[in-house]
Amino acid sequence: MNTDTNIIVAKLPNLRSKIYFFIKIIITASLLIYLFSYVQINTIIETFTKANSQLIILSLLLLIPNLYLQYWKWQITCRQFFGEQSRRKILFSLFYGFPAAVFTPARAGEYVGRGLMFKEHSFSDIVLAIFIDKFFTILVTFLIGTAGTLLFVNKFYATNIFVSLPLLNVFLICFTFAIALLFTKKEWLFTLISPLLKYKLVLKVKEKLLLLKKLSNKYVLIMLLISALFLLCYLLQFMILIAAFSLHFDVVNYFWAAVLIMFTKSLLSPISLSELGVREGAAVFFLTKIGETSSTALNASLALFAINIIIPSLIGLVLLFVKSDD
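Owing to the predicted nature of the structure, the values given are computational and were not obtained by experimental measurement. (Residues numbered from 1 in each chain as written. Predicted model: local features only at pLDDT ≥ 70, side-chain atom pairs only at ≥ 80, totals over all residues. Heavy atoms only, no water.)

Asks: Even after reading the chapter, I still don't get the packing of helix α7 (residues 123-156) against helix α12 (residues 251-268), so can you show me in this structure?
Replies: How two helices sit against one another is set out by the angle between their axes and by the gap between those axes. Interaxial distance between α7 and α12 falls to 9 Å at its minimum, and their mutual angle equals 115 degrees. For the crossing formed where α7 meets α12, the hand is left-handed. Here α7 contributes Thr141, Phe142, Ile144, Gly145, Thr146, Gly148, Thr149, Leu151, Phe152, Lys155 and Phe156 to the contact with α12, which in turn contributes Trp256, Val259, Leu260, Met262, Phe263 and Ser266. For the contact of α7 with α12, the residue count by class is 10 nonpolar, 6 polar and 1 charged. (Axes fitted to C-alpha atoms, helices over the stretch in contact; angles between N-to-C directions. Helix = DSSP H or I, 4+ residues; strand = E, 2+ residues; numbered from the N terminus. Left-handed = near helix turned anticlockwise from the far one by under 90°. Contact = heavy atoms within 4.5 Å. Nonpolar A, V, L, I, M, F, W, Y, C, P; charged D, E, K, R; others polar.)

In structure tokens form, the structure reads like this:
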């Protein structure tokens with residue numbers, strides 16, 4: 001292979017990354033353009049100006065427990081994997097991840113951002129720790145999201161209840177079994193990946209995955225509980241914002257819609273930047289199904305994005321200019 005060919009081959013991964021990023025920009029822009037063309041701008045502005053400002057402020061105040069729960073989870077994980085005790089270092093790491101995640105597919109930049117405070121550890125160690133930190137929230141989201149989706153399909157698409165209920169029961173049994181395995185033997189995970197060990201990429205992370213066997217039941221329980229609280233806080237923020245723009249409150253339907261939107265956003269996050277467009281599209285779809293207007297859905301979704309993504313990202317950018325070494 002000549003020198004020119006080597007150069008081309010070396011540049012291919014970087015080229016693929018740029019193409020992938022460009023595609024995400026196109027998808028995100030297309031989704032937002034479609035939504036804003038579907039919902040009249042005048043209606044959006046009118047809904048926003050008539051919103052209940054006190055409820056918006058309440059949702060904004062819930063950002064405090066939202067961030068604290070994220071910090072608490074990351075603190076426990078850092079102590080578990082890195083033996084890190086510095087609260088300041090862990091806090092800065094969390095906030096460094098926010099701006100790095102904003103314009104990356106599936107918030108992949110967060111792995112790099114959080115790792116800035118842990119340069120003494122390998123990138124693979126950092127990736128594993130962040131993955132575990134997020135895994136429990138994904139697990140809880142998947143549980144309630146799947147249950148909510150089955151009920152949604154049954155109600156709005158006339159699925160036979162004798163089909164949907166057994167499916168829901170099967171899912172709950174599988175989920176219970178998975179949780180039981182987390183609290184007992186973890187060798188099942190390595191049995192599942194053993195056929196993949198012939199690949200070099202998997203072999204490289206095998207030693208890192210062995211760390212999962214060391215996760216104590218106490219760690220698993222605490223992470224599940226905190227993740228459930230974090231998800232509840234997020235859903236409550238969304239419900240309050242929907243109420244702020246709709247000017248009435250329907251607890252059951254708003255909770256149900258928020259769960260479905262969160263679940264859809266989690267599933268489709270890789271196709272857009274910082275889940276923009278996906279979250280808004282899901283909000284319009286599910287909230288209009290329960291009788292809310294599309295302008296209410298769009299305003300609530302964008303307000304949630306501003307509160308939970310933009311504000312923490314701005315704080316993270318400020319902290320990047322602060323000396324953060326202990």
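Asks: Would you mind showing me how to read the environment of alanine 108 here?
Replies: Of note, alanine 108 is situated in the loop between α5 (87-102) and α6 (109-115). With 11 residues separating them along the chain, alanine 108 and glycine 97 place their C-alpha atoms 9.4 Å apart.

Asks: Before we go on, may I ask you to explain the packing of aromatic side chains in this structure?
Replies: In this structure the tally under the stated criterion is 15 aromatic pairs. Between phenylalanine 136 and tyrosine 219, the ring centres sit 6.0 Å apart and the planes meet at 80 degrees, which makes this aromatic pair edge-to-face. Here the residue phenylalanine 136 occupies a position in helix α7, and tyrosine 219 occupies one in helix α11 (residues 217-246), the gap between them amounting to 83 residues. Between phenylalanine 152 and tryptophan 256 the ring centres are 6.2 Å apart and the planes differ by 75 degrees, which places this aromatic pair in the edge-to-face class. In this pair, phenylalanine 152 is assigned in helix α7 and tryptophan 256 in helix α12, connecting sequence segments 104 residues apart. Assessed through its relative accessible area of 5%, phenylalanine 152 is described here as buried. Assessed through its relative accessible area of 16%, tryptophan 256 is described here as buried. Ring-pair connections join several aromatic residues into one group, and the members of that group are Phe131, Phe135, Phe136 and Tyr219. (Phe/Tyr/Trp six-rings, centres within 6.5 Å; stacked < 30°, edge-to-face > 60°. Buried < 20%, exposed > 50% of the residue type's maximum accessible area, 1.4 Å probe, protein only.)

Asks: So what exactly am I meant to see when it comes to the side chain of glutamine 75 here?
Replies: In this structure, glutamine 75 sits in helix α4 (residues 63-81). Discounting residues that sit within four places of it in the chain, glutamine 75 has contacts with Arg87 and Ile90.

Asks: Explain the pattern of salt bridges to me, please; I cannot follow it from the model alone.
Replies: Two side chains with opposite charge may pair up if their charged atoms get near one another. Counted according to the given criterion, the structure contains 7 salt bridges. A salt bridge links arginine 279 to glutamate 280; the nearest nitrogen and oxygen atoms lie 3.2 Å apart. Neither arginine 279 nor glutamate 280 differs from the other in exposure class; each is buried. Through salt bridges with shared partners, one network takes in Lys73, Glu110, Arg114, Asp133 and Lys134. (Salt bridge = Lys/Arg side-chain N within 4 Å of Asp/Glu carboxyl O.)

Asks: I'm lost on the packing of α11 against α12 in this one. Help?
Replies: Close contact between α11 and α12 brings their axes to 9 Å; oriented N to C, the two are set at 120 degrees. Here α11 lies oblique to α12, going by the angle between them. The handedness of the crossing between α11 and α12 comes out as right-handed. Between α11 and α12, the contacting residues are Leu231, Leu232, Tyr234, Leu235, Phe238, Met239, Ile242, Ala243 and Ser246 on the first element and Val251, Tyr254, Phe255, Ala258, Val259, Ile261, Met262 and Lys265 on the second. A breakdown of the residues in the contact of α11 with α12 according to their chemical character gives 15 nonpolar, 1 polar and 1 charged. (Parallel < 35°, antiparallel > 145°, perpendicular 65-115°, else oblique.)

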